[in-house]
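# Tertiary structure, described
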Amino acid sequence: MNSMRVDQHPVLGNMGQRQKLKFVFEGKQFTAYKGDTIASALLASGVRTLRRHEDKGTPKGIYCNIGHCFECRVRVNGQNSVRACLTPVENNMIIESNVSRTMTSRGGKV
Amino acid sequence: MIDLAIVGAGPAGLSAAISAAENGLKVTIIDEFVKPGGRLLGQLHEEPDGKWVNGITEAEKLFKRAIQLGVIIKCGVSVYDLVQLDSGWCLYTTGSSIKAKSLLLATGASETAIPIPGWTLPGVMSVGAAQVMGNVHRVKPGENGMIIGVNVLSVAIARELQLCGVNIKGIILPQPSLIFGNASNPEKNMESLLRLAHLAPSPLIRFGGKLVNPKLGARLYPKNGFKMWGIPIQLRKAAIEILGDNQVDGVRIADITATGEIVPGTEKVVPVDFVCIAGGLTPLSELAAVAGCSFRHIPQLGGHIPLHNERMQTNLKGLYVAGNITGVESAKVAMAQGKVAGLSIAAQRKTSSNRMDNQIQEAIENVKETRRKALIQFQPGIEDARSQLYHTFNEYSEAKVSI
């Protein structure tokens, strides 16, 4: 979905050629540009839901985009609670929704 | 141990680093964002003379100057604790810990959320989030959006999103019962918008800026709003609910009266694929609280403010503040304040001289001058509120000395 990219801009100018990176989110392969955060790369690919609420299961995406709200937390290369909006995409990154598969947030087994 | 650690690589932090380093101090800046510049990065606006100010270029200038002076800038690092030492401060970060003789908090501001039903759906974000997506990451937050919250920030960002090729279907008020204060009151919103009068294509608003009082403006105001750059600004409509199952697909809105009551039977749904919430800014001061700083609640400055004086010193030894943590104002004011902080820290660390004192006085005057000329004043009464705060600081210090 290249149409979500603002490659041309009347005041800020054009983005030009950027290095492409590959990453995986929830088992699916995506492409990012160098300089993308996980949040911007996924939004540009049309992915809005980054995780589900631990108890209610409701979908969650970015909210503040500058690291304050922690709504965009995901698991990156096995590490939990990484903020997608502050983390640059690296080649071959494995990103997952930040839901523990064995425990709920209250500590009970699913 | 370095001379000065600064938290925040925005306009205030970078400017402070520059003037401190120019006076021979060893400075390290820490910022949790991926690149330096803070909220300068998203900014893009037209000055009264028609020239565009691009925050990205402004940030680059500051960054380059700082690097030239040997300032170390660490991005992608978060600070989670501060401990006062005998001879300075220790910062615990997600990288290594840092010890510094002086510490400047230039953490800026955060946006206030407005919890409209449906606000946690993917596709709902703060208006600043959309700004960063569009102008910094160069990704559209969506194709068709609505902004909830009418203020100078939301109007300016609506224009920026439009330049990114995004269609803004309207800027409207939040449902009156949801928030305290004036964010749902058309008359109050008119007052703040009048400050952007020079940019308004609508004669009503342009004249309003000079002649019409806000009360009258809000009453005269056409029920369907007016347009700036083709974007409908509707002070007589409010968002009741954000709709969607897995992501935003619309907003339920209704008409409101001049004083902010919902008109029954006027509800309708506007289809959009994203929504921005513009609840205004509040100083981001957690680290000052962690440090043990005293606070005052000052509505004109946007919330709880660490107690400080005109030289940007807090009531804790070696701890300084600058920029929006001291009150919500424009980036230009933040830069001017940063300079004051950098100089007064340098004066503290080195032997203070008359020359230095003069420089500091000059920098303090420059802050006031910049404030007077500011295009965007977030709240009325900033200067008076600040004088009051400095007065409180002096009383507080004298009281402590007399004990």
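In the block above lies the structure referred to throughout.
As a starting point, this report considers the structure included with it. Along each chain, residues carry numbers from 1 onward, in the same order as the chain's sequence is written. Chains carry letters and ligands carry numbers; both start at the beginning, A for chains and 1 for ligands, and go up in the order they are written. Residue-level local features of this predicted model are given only where pLDDT is at least 70; pairs of side-chain atoms are given and counted only at 80 or more, and the full residue set underlies all totals for whole chains, interfaces and linings. Heavy atoms throughout the structure, all of them, feed into the side-chain values; hydrogens and water do not.

## Some words on a nonpolar patch on the surface
- Patch membership requires more than 30% relative accessible area and the absence of a salt bridge. Residues of like charge join within 9 Å; the nonpolar side chains Val, Leu, Ile, Met, Phe, Trp and Tyr join within 5 Å. The protein chains shown are the only cover counted for residues, whose accessible areas, like all others here, come from Shrake-Rupley with a 1.4 Å probe. One side-chain nitrogen of Lys or Arg within 4 Å of one carboxyl oxygen of Asp or Glu is enough to make a salt bridge. Together, Tyr80(B), Val83(B) and Tyr92(B) make up an exposed nonpolar region whose accessible area comes to about 280 Å².
- Labels follow the DSSP assignment, with helices taken as runs of H or I lasting at least four residues and strands as runs of E lasting at least two, numbered in each case from the N terminus. The topology assignment puts Tyr80(B) in strand S6 (residues 79-85).

## Re the side chain of Arg386(B)
Residue and element names in this part refer to chain B.
- Summarising the element assignment, Arg386 is placed in helix H11 (residues 382-402).
- Relative accessibility under 20% of the residue-type maximum defines a buried residue, over 50% an exposed one, and the middle range a partly exposed one, all with a 1.4 Å probe and only protein chains included. In this structure Arg386 comes out as buried when scored by relative accessible area, which is 0%.
- Any two residues whose heavy atoms approach within 4.5 Å are treated as being in contact. With residues up to four places along the chain from it excluded, the contact list for Arg386 reads Leu301, His308, Thr326, Gly327, Glu329, Gln337 and Arg371.

## Considerations on the pairing of strand S2 (residues 27-31) of chain B
All names here are of chain B.
- A large share of S2 lies buried, amounting to five of its five residues.
- Every second residue of S2 is oriented toward a common face, with Val27, Ile29 and Asp31 on one face and Thr28 and Ile30 on the other, all of them buried.
- Throughout, right-handed denotes a crossover for which the path from the first strand over the helix to the second runs clockwise when the strands point away from the viewer. Regarding topology, helix H1 (residues 11-22) serves as the crossover connection from strand S1 (residues 2-7) to the parallel S2, and that connection is right-handed.
- Pairing between S2 and strand S5 (residues 72-75): four bridges, direction parallel. Within the sheet, the bridge partner assigned to Asp31 lies in S5 and is Cys75. Strands qualify as paired when DSSP identifies two bridges or more between them.

## Topic: helix H2 (residues 55-68) of chain B
All names here are of chain B.
- The end-to-end C-alpha distance of H2 is 20 Å, a good match for the 20 Å that 14 residues give at a rise of 1.5 Å each.
- Inspection of H2 places Gly55, Ala59, Leu62 and Ala66 among the buried residues, and these make up the whole buried set. Within H2, the buried residues cover an arc of 65° as seen down the axis, which keeps them to one side. Exposed side of H2, more than 90 degrees from the buried face: Lys61, Lys64 and Gln68 are the residues found there. Here the expected length of a helix is defined as 1.5 Å per residue gap, with one fewer gap than residues. This arc is built from the directions going out from the helix axis to the C-beta atoms.

## Some thoughts on the pattern of salt bridges
Residue and element names in this part refer to chain B.
- Within the structure shown, the criterion is met by 22 salt bridges over all chains.
- Among the salt bridges present, the one from Glu22 reaches Arg65, with a minimum N-O distance of 2.9 Å. Taken together, the positions of Glu22 in helix H1 and Arg65 in helix H2 put the pair 43 residues apart, joining distant regions of the chain.
- Look at Arg65 and you get partly exposed, because its relative accessible area is 32%.
- Here Lys237 ties to Asp255 by a salt bridge, and the two come within 2.9 Å at their closest N and O atoms. One end of the pair, Lys237, is in strand S14 (residues 231-243); the other, Asp255, is in strand S15 (residues 250-255), and 18 residues separate them in sequence.
- Judged by relative accessible area, Lys237 falls into the buried class, the value being 8%.

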